[in-house]
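# Coordinates in review
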Amino acid sequence: MLEIIIAVVASLAVGILVGYIIRKNSAEKIIGSAETQAKNLILDAENRTEALRKETLVEARAEAHSIKQDAERDIRERREELKKTERRLVQKEESLDRKIENIEQKEENISARQQLIIEKEVELEGFIERQIAELERISGYTAEEAKELLLQNIEKDVRRDASIMIKEIESNAKDEADRKAREIITGAIQRCAADQVAETTVSVVPLPNDEMKGRIIGREGRNIRAIETATGVDLIIDDTPEAVILSAFDPVRREIARVALEKLIVDGRIHPARIEETVDKAEKDVNRIIKEEGEAATFEMGIHNLHPELVKLLGRLRYRTSYGQNVLQHSKEVAHLAGLMAGELGMNVMLAQRAGLLHDIGKALDHELQGTHVDIGIDVLRKYKESEAVIDAMAAHHGDYEPKSPEAILVAAADALSAARPGARRETLDTYIKRLQNLEEIANTTPGVEKSFAIQAGREIRIIACPDEVNDDSMALLAREISQKIESELEYPGQIKVNVIRETRAVDYAK
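Residues numbered from 1 in each chain as written. Predicted model: local features only at pLDDT ≥ 70, side-chain atom pairs only at ≥ 80, totals over all residues. Heavy atoms only, no water.

## Here we look at the overall build of the protein
In terms of helices and strands, the protein carries 15 helices and eight strands. Within the protein, the proportion of its 511 residues that are buried is 31%. In the protein, the proportion of contacts linking residues at least 24 apart, taken out of those at least 6 apart, comes to 62%. Element-wise, carbon and sulfur atoms account for 54% of the exposed surface of the protein, whose accessible area totals about 34500 Å². (Helix = DSSP H or I, 4+ residues; strand = E, 2+ residues; numbered from the N terminus. Buried < 20%, exposed > 50% of the residue type's maximum accessible area, 1.4 Å probe, protein only. Contact = heavy atoms within 4.5 Å. Areas by Shrake-Rupley, 256 points an atom, 1.4 Å probe, with all protein chains shown as cover.)

## Concerning the sheet that holds strand S6 (residues 449-455)
Judged by pairing direction, the sheet is mixed, and its three strands sit side by side in the order S6-S7-S8 without closing on themselves. Edge positions in the sheet fall to S6 and strand S8 (497-501), since each has one partner strand and no second. For this sheet, the mean angle separating the axes of adjacent strands, direction not counted, is 20°. In the sheet, strand S7 (residues 460-465) pairs with S8 via five bridges, with the strands oriented parallel. Its bridge partner lying in S8, glutamate 460 is registered against lysine 497. (Pairing = 2+ DSSP bridges. Axes fitted to C-alpha atoms, helices over the stretch in contact; angles between N-to-C directions.)

## Here we look at the nonpolar core
Within the largest apolar cluster, 43 residues are counted, with the highest numbers of intra-cluster contacts made by Leu310 and Leu381. Elements with a contribution of two residues or more to this core: helix H7 (272-301), helix H8 (308-316), helix H9 (327-345), helix H10 (349-357), helix H11 (373-383), helix H12 (388-395) and helix H13 (406-420). Residue contributions to this core peak at eight residues, all from H9. Not counting residues up to four positions away in its chain, the partners in contact with leucine 310 are Ile361, Val380, Leu381, Tyr384 and Glu386. Core analysis: the second largest hydrophobic core is formed by 27 residues, Leu235, Val252, Leu264 and Ile270 among them. (Core = buried A, V, L, I, M, F, W, Y, C linked by side-chain atoms within 4.5 Å.)

## Section: a negative patch on the surface
A contiguous patch of negative charge, built from Glu93, Glu94, Asp97, Glu101, Glu104, Glu107 and Glu108, is present on the exposed surface. Residue placement: glutamate 93 occurs in helix H1 (residues 2-139). (Patch = residues over 30% accessible without salt bridge, like charges linked within 9 Å, V, L, I, M, F, W, Y side chains within 5 Å. Salt bridge = Lys/Arg side-chain N within 4 Å of Asp/Glu carboxyl O. Lys, Arg positive; Asp, Glu negative; His and termini not counted. Charge placed at Lys NZ, Arg CZ, Asp CG, Glu CD.)

## Things to note about helix H15 (residues 475-489)
Taking 1.5 Å per residue, 15 residues should reach 21 Å; H15 reaches 21 Å between its end C-alpha atoms and fits that length. All of the buried residues along H15 are Met475, Leu477, Leu478, Ala479, Ile482, Ser483 and Ile486. (Expected span 1.5 Å × (residues − 1).)

Written out as structure tokens, the structure reads:
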């Protein structure tokens, strides 16, 4: 057994040795072949690198030669351009030198001419002075006197020509009066439009005695607070004897407070509960009166189919005043005037009356809503479905909007006539007298006026012209001049008639 193992081991050893020898020979052959291939590859690479180096060197030399040629060409071109530029600069410099020489020569010539002109001017001034002195000696007038005389003569000629022109224009206007009667009348009436003024905001309630003031105030002021809270009106209790002042912008609230306070004074029972009850009754009474006044106004004017709310708003105008003029009475008067003028001119009488009655409807609400009474009136009339013709006529009565119909012009004119007639609106005596004085002063300071008299509450001024200074031809020009001065210096409602009178007297004596 051992021998078999030894034999196997020996066989294995011999096999391993033989395999090792075979592999070693094979590896040496492979290594030798690889070394040969490597040497061949290295040699080939060296040959290719040398060829590539030579090729690249040739290409680089060719490119460098091309770049050198391009650079030399650019340098030659730039040198040529520089030479051309240098030649142009030299030429310009020579041209500038020539121009400078010409300018210097011209300056010398100009200086010489200026000196010559100065000498001529001095000589001319002396000549003119001698001529003026000679003219003054011959004419007997100085230069200023002659100028003044010339201006006076020119002014007289211009005044005469202007007066003749005015007369011709007026004559032509009279010749065309029949054909343009309606346009002239409505245009003249429209120019009478006037501005609106402030309204009264206080009412005075008389008291039987001054002890009543304490009862109205109440303990710790509870009664007066209750009255102000219930009515929305301020009570002013001051040193005015036997009187209490009510102040509020809302005329209806002020009237309710006045009626309620008068009832409380008569009743004598003044406490918060009684105040509230009396204010409620006064409010009902005033609302009833408002409705009755609105219905009476529409019935008086013969205007029907008005919305009930518009009738109530008309009634509210009974307690609204403008410059001391009751707005409801003013509205009825405007409706009458507009209707009469519309009838005379052949226009829509009902439209003019309806728009005239409603033209100040916005004043019933202008203390409650934002905006002018015209804008408020437009919104109210549209809300209650009034016609656009009535709305347009109402909107144009103060010139805020352009009139779209002849009836709108009539409403504006009637509004101005109602407000501007003497006695329609309250005016203090001092203001009235001051206006008349200013009117006469404007006329008296005009050249050619001897005397002037303001008459008819300042609606007309009669002027006595100096017959020696104003002739018949220049009377129209004098009237126009005074009317323009009045328009520019005074503020007045309506219009003022300027009446110029020139008297020619012939005096002789019988001997």
